[in-house]
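# Structure at a glance
Residue-level listing of the chains:
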Amino acid sequence: MTGRLYGVGVGPGDPELITLKAARLIESADVIAYHQGVGKQSNARRIAAGLLRPGVAEEALVYPVTTQVSDHPGGYAGAMADFYADCERRVREHLAAGRDVVVLAEGDPMLYGSFMYLHDRLHGEFETHVVAGVPAFAAATATTALPLVRQTDVLTVLPGTLPEPELARRLADTDGAVIMKLGRTFAKVRSALEQAGRVEGSWYVERASMDAERVLPVAEVDPETVPYFSIVLVPGDTRPGVARYESPAPEAVTPAVDAEVVVVGLGPGPDAWLSPEATQVLAEVGHVVGYGPYVERVPQRSGLVRHASGNTVEVDRARDALELALAGERVAVVSGGDAGIFGMASAVFEAAEDPRYADVAVRVVPGISAVQAVAARAGAPIGADFAVMSLSDRLKPWEVVEQRLRAVAAADLVLALYNPRSRSRTEQVAQARAVLLEHKSPDTVVVVGRDVGRAEESLTVTTLGELDPETVDMKCLLLIGASSTRVTPSGRVWSPRFVQ
């Protein structure tokens, strides 16, 4: 019979935090394996030392490097790949010989633990078990007695090795957070916390539950003294945002002087397509409100609070922005493309009809629209009269959509179609094509632009008769040509300015 492999979490440092199950398995193991650095003792072994029975076989799995630098021909990745292959070989020999192997893991084996790589290689061949351990951040929250998250708060666990802009973005967008893997990364982590406005109220815990435990506010930590065994806790209660500006009762509101909401078009995607005016507005406001993917496009910086929400709640987020403006905050509402074309500008004006917001000004900053971007990539298909429609029937009945399609087709205008398809709306493209074919030739030029301006960009020139609705999704914009729209020998599409 072959042996069994156990990944056993021994907790953050205090031996008394080892679970009863972990202790039983450690005491009865044929082989104890653990990871450690060159010239260092294993912290996991130190924690479990009092449970190892005399004479038990031990396998010290020594990392070849502990930084991202290596003279291995394959670099750091190559050195680690060879290391884990050697670990697999050594543990496999014991298992094949019928010996049970317990691999000790600090904290929990499946949370940034090295045991995972042995598990990946061996669990399909040998009986494998994982024993949960108390993670370091749980010990840290116990030490500080900090409520990390409450009720529906979202907790995000982040490695300090992430790029600084990504750390800042994620810290700004979550409620509570835990940041692990510090050491050399601490200065970058603190900078990201500052950009996200999360330094105040965040705590640094070093060697949680150990004798050398140290607890400090993040702002007071010397980056030169930070070891790898340290954690930053960012309680959900520290998150800046709407909760800090809850709307008072209407009768208690004193409108701020020069209260204003600026609605900003971000363009289709590339930073180069963002206007200087939009860039200036986003650099000056204290709050950005919008649909999540659009809010993520605004770089996090110190003092900026980002309010991301889901789709289909446009008027609700518009009210949130107006409330912030009433409270004296500088607010931008962001939209993809141009905010005035099926974007947030109309929703903000709709919400602002409430007399409560009579003293809040609404300013709109234009952006490059998707129809402009697709047309430019294709050539000049909207060089003459054209119409723009949305195929979504969320805000208008499909009967109205069909009526307008027929009117545009009868007028022989170039037609741009936004929102052609979604997960719940899968038939509209085919239905629109059928309606247009009642008035237009099957040879009518059609341009399908997908993710224009982004890495996944594609542009297809076809005809109305050959258009396959199944190739169209929500990331597409369609341009249906007029009878005069032409295609050059090189595949460029244009519509003459003159009408014969």
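Before reading further, recall that the structure is shown in the block above.
The notes below deal with the structure included here. Throughout this description, residue numbers start from 1 for each chain and increase along the sequence as written. Local features in a predicted model are, by the rule used here, given only for residues with pLDDT of at least 70; side-chain atom pairs are given and counted only at 80 or more, and totals for whole chains, interfaces and linings are based on all residues. Side-chain calculation: all heavy atoms of the structure are included, whereas hydrogens and water are not.

## Observations regarding the overall build of the protein chain
Quick note on the threshold: Secondary structure follows DSSP: runs of H or I at least 4 residues long count as helices, runs of E at least 2 residues long count as strands, and numbering of each begins at the N terminus. Throughout, the radius of gyration refers to the C-alpha atoms, and the reference size of a globule is 2.2 Å times the residue count to the power 0.38. Any two residues whose heavy atoms approach within 4.5 Å are treated as being in contact.
Across its full length, the protein chain holds 14 helices and 23 strands. At 30 Å, the protein chain has a C-alpha radius of gyration far larger than the 23 Å of a compact globule built from 500 residues. Once the C-alpha set of the protein chain is aligned to its principal axes, its extents read approximately 100 × 60 × 40 Å. Restricting to contacts in the protein chain with at least 6 residues of sequence separation, those with at least 24 account for 72%.

## What to know about the sheet that holds strand 11 (residues 260-265)
This is how it is decided: Should DSSP find at least two bridges between two strands, the strands are regarded as paired. Axis lines are fitted to C-alpha atoms, over the contacting stretch for helices. Their N-to-C directions set the angle, which ranges from 0 to 180 degrees.
The strand order across the open sheet formed by five strands is 13-12-14-11-15, and the pairing between neighbours is parallel. The outermost strands of the open sheet, each flanked by one partner alone, are strand 13 (305-309) and strand 15 (361-365). The sheet shows a mean angle of 20 degrees between the axes of neighbouring strands, direction not considered. Pairing geometry for strand 11 and strand 15, over five bridges, is parallel. Within the sheet, the bridge partner assigned to Val264 lies in strand 15 and is Val365. Seen against the sheet, helix 10 (residues 314-326) touches strand 11, strand 12 (287-291), strand 13 and strand 14 (331-335) and runs at an angle of roughly 170 degrees to strand 12.

## Describing helix 14 (residues 428-437)
Formally: Relative accessibility under 20% of the residue-type maximum defines a buried residue, over 50% an exposed one, and the middle range a partly exposed one, all with a 1.4 Å probe and only protein chains included. As used here, the arc belongs to the directions running from the helix axis to the C-beta atoms.
Inspection of helix 14 places Gln428, Val429, Ala432, Val435 and Leu436 among the buried residues, and these make up the whole buried set. An end-on view of helix 14 places all buried positions within 125 degrees of arc, on one side of the element. Those residues of helix 14 that are buried lie in contact with helix 13 (398-410), strand 18 (414-418) and strand 21 (476-480).

## With respect to a nonpolar patch on the surface
Under the convention used in this document: In this scheme, patches are assembled from residues that exceed 30% relative accessible area and form no salt bridge. Like charges are connected within 9 Å, while nonpolar side chains (Val, Leu, Ile, Met, Phe, Trp, Tyr) are connected within 5 Å. In short, Shrake-Rupley with a 1.4 Å probe defines the accessible areas, and a residue's cover is counted only from the protein chains shown. For salt bridges, the criterion is a side-chain nitrogen of Lys or Arg within 4 Å of an Asp or Glu carboxyl oxygen.
On the surface, Phe342, Phe386 and Val388 cluster together into a nonpolar patch covering about 250 Å² of accessible area. By the element assignment, Phe342 lies in the loop between strand 14 and helix 11 (344-351).

## Comments concerning the sheet that holds strand 23 (residues 493-494)
Here we have three strands laid out as an open sheet, ordered 16-23-22, and mixed in their pairing. With one partner strand each, in any of the chains shown, strand 16 (379-380) and strand 22 (486-487) form the two edges of the open sheet.

## Here's the deal with the side chain of Ser202
When you line up the elements, Ser202 lands in the loop between helix 7 (186-196) and strand 8 (203-206). Its relative accessible area of 2% is what places Ser202 among the buried residues. The residues contacting Ser202, other than those within four sequence positions of it, are Leu193, Pro217, Val218, Leu233, Val234 and Pro235.

## A short note on the packing of aromatic side chains
Describing an aromatic ring pair means giving the distance of the ring centres and the angle of the ring planes. Definition in use: Stacked, tilted and edge-to-face are the three classes applied to pairs of Phe, Tyr and Trp rings, where Trp contributes its six-membered ring and a pair requires centres within 6.5 Å; stacked means planes under 30 degrees apart, edge-to-face means over 60, and tilted covers the rest.
As enumerated under the stated definition, the model contains seven aromatic pairs in all. For the pair Phe186 and Tyr204, a centre-to-centre distance of 5.8 Å together with 75 degrees between the ring planes defines the contact as edge-to-face. A residue pair is termed long-range when its members are at least 10 positions apart, and Phe186 in helix 7 and Tyr204 in strand 8 qualify at 18 residues. For Tyr204, a relative accessible area of 0% corresponds to the buried category. Both rings, one in Tyr228 and one in Phe229, keep their centres 5.8 Å apart while their planes meet at 85 degrees; by these two values the pair is edge-to-face. Since its relative accessible area comes to 33%, Phe229 is described here as partly exposed. Grouping aromatic residues by their ring pairs yields a cluster made of Tyr63, Phe83, Tyr84 and Tyr117.

## Some details on the packing of helix 6 (residues 164-173) against helix 7
Let me state the cut-off plainly: An angle below 35 degrees is treated as roughly parallel, one above 145 as roughly antiparallel, one from 65 to 115 as roughly perpendicular, and anything else as oblique. We call a crossing left-handed when the near helix sits turned anticlockwise from the far one by less than a right angle, and right-handed when that turn is clockwise. Residue classes follow a fixed rule: Ala, Val, Leu, Ile, Met, Phe, Trp, Tyr, Cys and Pro count as nonpolar, while Asp, Glu, Lys and Arg count as charged, and any other residue, Gly among them, counts as polar.
For the pair helix 6 and helix 7, interaxial distance at closest approach is 8 Å and the crossing angle is 45 degrees. When the interaxial angle is binned, helix 6 and helix 7 end up oblique. Between helix 6 and helix 7 lies a crossing of right-handed hand. Mapping the contact onto sequence places Glu164, Leu167, Ala168, Leu171 and Ala172 in helix 6 and Lys188, Val189, Ser191, Ala192, Leu193, Gln195 and Ala196 in helix 7. Along the lines of polarity and charge, the residues of the contact of helix 6 with helix 7 split into eight nonpolar, two polar and two charged.

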